[in-house]
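Structural characterization, general
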Amino acid sequence: MDSQQTIDSWNWDKAMNLVMTYVSGHLHSRMFNVVMKHSVCDYLEDGPKHYKEIAEAININENMVYRLLRYFTANDLFAEDKDNLGTFMKTPVSSMFSKNGKLKSMGQRYTHDLHYKMFETLPQSFEQNKGLGPKNVGFDHFWEIFDSDPAYKELFNQTMQVYTEAAMSNIRGAIDFSSFNTIVDVGGNHGLLIGNILETHPTVNGINFDLDVVLNAATEKFQHERLKHVPGNFFESVPEADCYILKFILHDWPTEDCVKILQTIGKSMKPGAKIYLFEIIIEPPFYTKYSVYIDILMMQMVNAKERTLNEWNELFDAAGFKLEKVVPEIKTGCMIISKKD
Ligand SMILES: C[S@@+](CC[C@H](N)C(=O)[O-])C[C@H]1O[C@@H](n2cnc3c(N)ncnc32)[C@H](O)[C@@H]1O
Ligand SMILES: CCCCCC(=O)c1c(O)c(Cl)c(O)c(Cl)c1O
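Below, the structure is looked at part by part. Predicted model, so just to flag it, every value in this text is computed and none were measured.

Another point: the nonpolar core. Residues Y244, L246, L250, L262, I265, I275 and F316 are the most contacted members of the largest nonpolar core, which totals 29 residues. Of all the elements in the fold, those that place two or more residues in this core are β4 (182–186), β5 (205–210), β7 (241–247), α16 (255–268), β8 (269–278), α18 (309–319) and β12 (335–339). Considering each element in turn, this core owes the most residues, 5 residues, to α16. The contact partners of F316, leaving out residues within four places of it in the chain, are L262, L277, F321, L323, M335 and I337.

What follows is the structure, encoded as structure tokens:
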């Protein structure tokens, strides 16, 4: 916006919209924390409710509940009955965050008190050039949280399953895995990706490989007659196979740890084996909002990052691998790598 445009069209609405865009994030997500923590969306699922009815149900002051509902009506989550002011209604968006909604776990996790505490020192992380998130909540590494907070672990697993469900329609059918005998989903968590691949590849066997604390979590894992769930640590060893898939794994780790993970996999790869990486590929200067959001999330929570294709190639080279192909059909990003000759 050049100065002349600013002077000519400067007005209250533009000023406030600009301010809201850049400074309201913490308020907005903490307000959504209240909605998710008290399952406010659920109360509107079976019909319009007066704010006093919801206030009594969630045991919060009725004027506060009115202001909460009003705030999210202005932000298109709820609607207010113009003929019965004070009565609020669900919208297709609020249904997505209700008890049967696809996005409930996302809404709960990304506005979780733990996340808010982990992001409190984001400015210091930039100044100190390292992610300080886990230290804010008493841990050295993000993954330690799973042992001490099973409820958060379940939320994590559920949200990763939702991401995979959202990506499956694009991934399914885009890659032919039929030439492989066994595929290991390294850090497969819920097993949805490898499970879907087995369903469309009748001759392939699958192994869902993840931490014991994850595979023994309460969240249902994908079951299939040709799928085994195998606990382990990808810094120690992974099962032997001719194909490995890693989705949103390497973006969780600094480059030196990614090299260790790839080299650990390399020790178990059969001759001619391939690795399929389902990872974000940042393409300067065409940045998507979610890719740069997840990049900062990775920095603060796991001291890691999203990568450009050049950065991926540098990583592969350092690990003794080479990029065979980028699979353009996979919108979330997909690269096929193999060990250097
Ligand atoms: C961001 S999640 C991705 C999960 C799944 N691939 C997906 O895309 O939905 C990263 C996964 O890596 C697993 N993980 C982290 N450290 C691990 C380790 N040392 N060994 C095996 N799995 C690990 C986590 O338990 C988690 O399931
Ligand atoms: C658009 C893809 C988002 C994947 C999110 C994700 O992978 C992730 C993650 O790996 C870690 Cl370690 C994490 O702490 C969060 Cl909050 C994530 O969302």
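A few words now on the sheet that holds strand β1 (residues 49–50). If you walk across this open sheet you meet the 3 strands as β1-β3-β2, and the pairing is antiparallel. Each of the sheet's edge strands pairs with one partner strand only, and the pair in question is β1 and β2 (79–80). Examined bridge by bridge, β1 and strand β3 (residues 87–89) share 2 bridges and lie antiparallel to one another. What sits directly across from H50, in β3, is T87.

Neighbouring ligand 2 are 17 residues; R109, Y110, F142, H251 and D252 lie closest to it. Here an oxygen atom of ligand 2 and a side-chain polar atom of R109 are 3.0 Å apart. D252 is positioned such that a nitrogen or oxygen atom in its side chain is 2.5 Å from an oxygen atom of ligand 2. A total of 450 Å² of accessible area belongs to ligand 2 in isolation, and the protein chains cover 97% of it. When contributions to the shell around ligand 2 are tallied by element, the ones reaching two or more residues are α8 (104–110), α13 (150–171) and α17 (289–302). The greatest single-element share of the shell around ligand 2, amounting to 6 residues, is contributed by α17. Residues that form the shell around ligand 2 fall into these classes: 13 nonpolar, 2 polar and 2 charged.

What follows covers helix α2 (residues 12–23). The end-to-end C-alpha distance of α2 is 16 Å, a good match for the 16 Å that 12 residues give at a rise of 1.5 Å each. Its side-chain oxygen placed 3.0 Å from the backbone nitrogen of D13, N11 serves as the N-cap of α2.

It is worth spelling out the sheet that holds β7 at this point. Spatially, the 7 strands line up as an open sheet ordered β6-β5-β4-β7-β8-β12-β11, and their pairing is mixed. If you trace the sheet from one side to the other, it starts and ends with β6 (227–231) and β11 (321–326), each paired once. When strand polarity is set aside, the average angle formed by the axes of neighbouring strands in this sheet is 25 degrees. Examined bridge by bridge, β4 and β5 share 5 bridges and lie parallel to one another. When the bridges of β5 are listed, V184 appears paired with I207. Strands β4, β5, β6, β7 and β8 of the sheet are contacted by helix α14 (residues 192–200), whose axis makes an angle of about 180 degrees with β5.

What counts and what doesn't
- Residues numbered from 1 in each chain as written.
- Chains lettered and ligands numbered in written order.
- Predicted model: local features only at pLDDT ≥ 70, side-chain atom pairs only at ≥ 80, totals over all residues.
- Heavy atoms only, no water.
- Core = buried A, V, L, I, M, F, W, Y, C linked by side-chain atoms within 4.5 Å.
- Buried < 20%, exposed > 50% of the residue type's maximum accessible area, 1.4 Å probe, protein only.
- Helix = DSSP H or I, 4+ residues; strand = E, 2+ residues; numbered from the N terminus.
- Contact = heavy atoms within 4.5 Å.
- Pairing = 2+ DSSP bridges.
- Near = heavy atom within 4 Å.
- Polar contact = N/O pair within 3.5 Å; in protein donor to acceptor, adjacent residues only side chain to side chain.
- Areas by Shrake-Rupley, 256 points an atom, 1.4 Å probe, with all protein chains shown as cover.
- Nonpolar A, V, L, I, M, F, W, Y, C, P; charged D, E, K, R; others polar.
- Expected span 1.5 Å × (residues − 1).
- Axes fitted to C-alpha atoms, helices over the stretch in contact; angles between N-to-C directions.

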